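Chains, contacts and geometry: an overview
In case you want the letters, here they are:
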Amino acid sequence: MREIEASVIKKTIYDLILKASYEIGDDVYACVANCAECEESPSGREVLKQLKENYDIAKRERVAICQDTGMCVLFIDIGQEVHITGGDFTETVNNAVREAYKEGYLRKSVVNDPLYDRINTKDNTPAVIHTRIVPGDKIDIMVTPKGFGSENMSAIKMLVPADGEKGVIDFVVDTVKKAGPNPCPPIIVGVGIGGTFEIAALMAKRMTARSIDTVNPDPRYQRLEEELLRRINCLGIGPAGIGGRTTALKVNIETYPTHIAGMPVAINIVCHAARHAHAVI
Amino acid sequence: MENIRVQLPLNKEEIAKLRAGDTVLLTGIMYTARDAAHKRLVACLDEGREMPFDVKNQLIYYVGPAPASPGHAVGSAGPTTSYRMDAYAPRLLDEGLLGMMGKGKRNDKVIESMKKNGAVYFGAVGGAAALISQKIEKSEVVAYEDLGAEAIHRFTVKDFPALVIIDSLGNNVYMDGPRKYAVDPDQ
């Protein structure tokens, strides 16, 4: 059994929140920089150049890439040989969020009640925490602050087996088409196929935080990722939705076994401010 | 493309000349408001109370800025998605509001109201929030401080870059732009 102090977890999450909020990943930066050169639409190229400049300013001045610094979503894999000491785990995570959002000058965007009160909690808590128990004696933490411009454009549908590949393609492309300029294209499209209603959504979220330089390990799904990206970029929506070829940078798919009667498909969209940071304790 | 300089508050004759697709540089005063502030503004109208600022000839920027860190007038301040304000916008346009700025689509009711009232809808680049904040010289909270990021701010801006998305005739970049670049994936 390995003991890990709650304070170590807190410090790690605090640092990851700031890193994610100020510094875009190398994968997205390189892709946007590349598209800024090859985008066919002149106004689209101008938008992409501004996005690149925005990444540079945010990193240099340590300010938020986007003012919507999101709800703080965390994927935490806890090794079963780990014993957390010195504090309540959930409270530790929320304390890290509270302090990072205050001291890092990040926007507090959480309201206490979704329908009636809608009073801002003023510290961006509670966080959204997804834990898994895994083999080993480490804690793996992925922090992904999620803005709601893109979150609101997400969708889930309970397809049936007969819908097949075409059903998946039509649903994904149609969701992006309907979203149009709203989610701040160029976007990254996270897709979860299979499992149950909630697992599909969770996979789609996780796929918004996967590097855009990686592909699905199954060649059939890798081809589907490529085909979806091609079809999305045929829509003409373009950077900022004003017309162009660069509507999405990547489609990331994750799958899970499912029931004989079903084929759930969830789509979670993230904008070009695709923020995430990762550490292992 | 040549940038058109636009002075704020707006002038109806000037904005009548703007066309969808024009790039502009905005200079002067603008107000911020998003979901919760719009709900309160329209409640003022419903209840016959005075709004905290006169919307006549003004531009409302749909934004909830991040807090300012030391040495900055304002935190990152890019546009939020505008459709969430569609339920309220025609009421404010009828009160003389001449400009709105955000990102994303507007519904038919808003566009009809814009045509009727001679108003314009600007788009700022969503997510270019740190870049945009450099064009904001001053930020003051003027109402609804309890809403935090959703409070109404008065921004003093200089050469704030924006694109005319929907002009006062109803021409719309989000319709025309993508049409030009859309291709049939099966060809």
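The model shown is predicted, which means the values in this text are computed figures rather than measured ones.

1. Some remarks on the overall build of chain A
Counting secondary structure elements, chain A contains eight helices and ten strands. Here the C-alpha atoms of chain A give a radius of gyration of 19 Å, agreeing with the 19 Å that 2.2 N^0.38 yields for 281 residues. Overall, chain A is about 55 × 50 × 40 Å in size when its C-alpha atoms are taken along their principal axes. Counting all 281 residues of chain A, 50% fall into the buried class. A separation threshold of at least 6 residues defines the contact pool for chain A, and within that pool the share at least 24 residues apart is 81%.

2. As for the pairing of strand β5 (residues 139-146) of chain A
Residue and element names in this part refer to chain A. Within β5, seven of the eight residues are buried, which leaves the element mostly enclosed by the surrounding structure. When strand β2 (residues 71-79) meets β5, the two strands line up antiparallel, connected through eight bridges. Opposite C72, over in β5, you have P145 as the bridge partner. Here four bridges tie β5 to strand β10 (residues 277-280), and the two strands are oriented antiparallel to one another. Bridged to D140 within β10 is V280.

3. Describing the sheet that holds strand β8 (residues 248-258) of chain A
Residues and elements named next belong to chain A. Across the sheet, four strands lie side by side as β6-β9-β7-β8; this open sheet has mixed pairing. Bordering the open sheet on either side are β6 (155-159) and β8, each of which pairs with just one other strand. Each neighbouring strand pair of the sheet contributes to a mean axis angle of 15°, computed without reference to strand direction. Pairing between strand β7 (residues 187-195) and β8: nine bridges, direction parallel.

4. Concerning the interface of chain A and chain B
Taken residue by residue, the interface counts 46 residues in chain A and 41 residues in chain B. Broken down by secondary-structure element, the contributors of at least two residues to the side of chain A that touches chain B are α3 (42-61) and α8 (219-233) of chain A. Ranked by residues supplied to the side of chain A that touches chain B, first place goes to α3(A) with eight residues. Its residues assigned to classes, the side of chain A that touches chain B comprises 19 nonpolar, 17 polar and ten charged.

5. Let's talk about the packing of helix α1 (residues 6-22) of chain A against helix α4 (residues 89-103) of chain A
All names here are of chain A. Closest axis-to-axis distance for the α1/α4 pair is 8 Å, and the angle between their directions is 40°. Taken together, the axes of α1 and α4 lie oblique to each other. Crossing of α1 over α4 shows right-handed handedness. Contacts between α1 and α4 pair A6, I9, K10, I13, Y14, I17 and L18 from the former with T92, V93, N95, A96, V97, E99 and A100 from the latter. Taken together, the residues that form the contact of α1 with α4 break down as ten nonpolar, two polar and two charged.

6. Description of the domain arrangement of chain A
Residue and element names in this part refer to chain A. What the domain assignment lists for chain A is domain 1 (2-20 + 65-146) and domain 2 (149-274). With nine residues of domain 1 in contact, the opposing surface of domain 2 contributes eight residues. If you list the elements that add at least two residues to the side of domain 1 that touches domain 2, you get β2 and β5. The element that contributes the greatest number of residues to the side of domain 1 that touches domain 2 is β5, accounting for three residues. Class assignment for the residues of the side of domain 1 that touches domain 2 results in five nonpolar, two polar and two charged.

7. Notes on the nonpolar core
With 138 residues, the main nonpolar core has I17(A), A64(A), I65(A), V143(A), V189(A) and V191(A) as its most contacted residues. Here the element with the most residues in this core is strand β7 (residues 152-166) of chain B; it accounts for nine residues. A domain split of this core shows at least three residues from each of domain 1 (2-20 + 65-146) and domain 2 (149-274) of chain A. Leaving out residues up to four positions away in the same chain, A64(A) has contacts with S21(A), Y22(A), A58(A), T69(A), L106(A), A66(B), G75(B), S76(B), A129(B) and A130(B).

About the thresholds
- Residues numbered from 1 in each chain as written.
- Chains lettered and ligands numbered in written order.
- Predicted model: local features only at pLDDT ≥ 70, side-chain atom pairs only at ≥ 80, totals over all residues.
- Helix = DSSP H or I, 4+ residues; strand = E, 2+ residues; numbered from the N terminus.
- Rg over C-alpha atoms; globule rule 2.2 N^0.38 Å.
- Buried ≥ 20, exposed ≤ 12 C-beta atoms within 10 Å, placed from the backbone.
- Contact = placed C-beta atoms within 7 Å.
- Pairing = 2+ DSSP bridges.
- Axes fitted to C-alpha atoms, helices over the stretch in contact; angles between N-to-C directions.
- Nonpolar A, V, L, I, M, F, W, Y, C, P; charged D, E, K, R; others polar.
- Parallel < 35°, antiparallel > 145°, perpendicular 65-115°, else oblique.
- Left-handed = near helix turned anticlockwise from the far one by under 90°.
- Domains from an automatic or database assignment.
- Core = buried A, V, L, I, M, F, W, Y, C linked by C-beta atoms within 7 Å.

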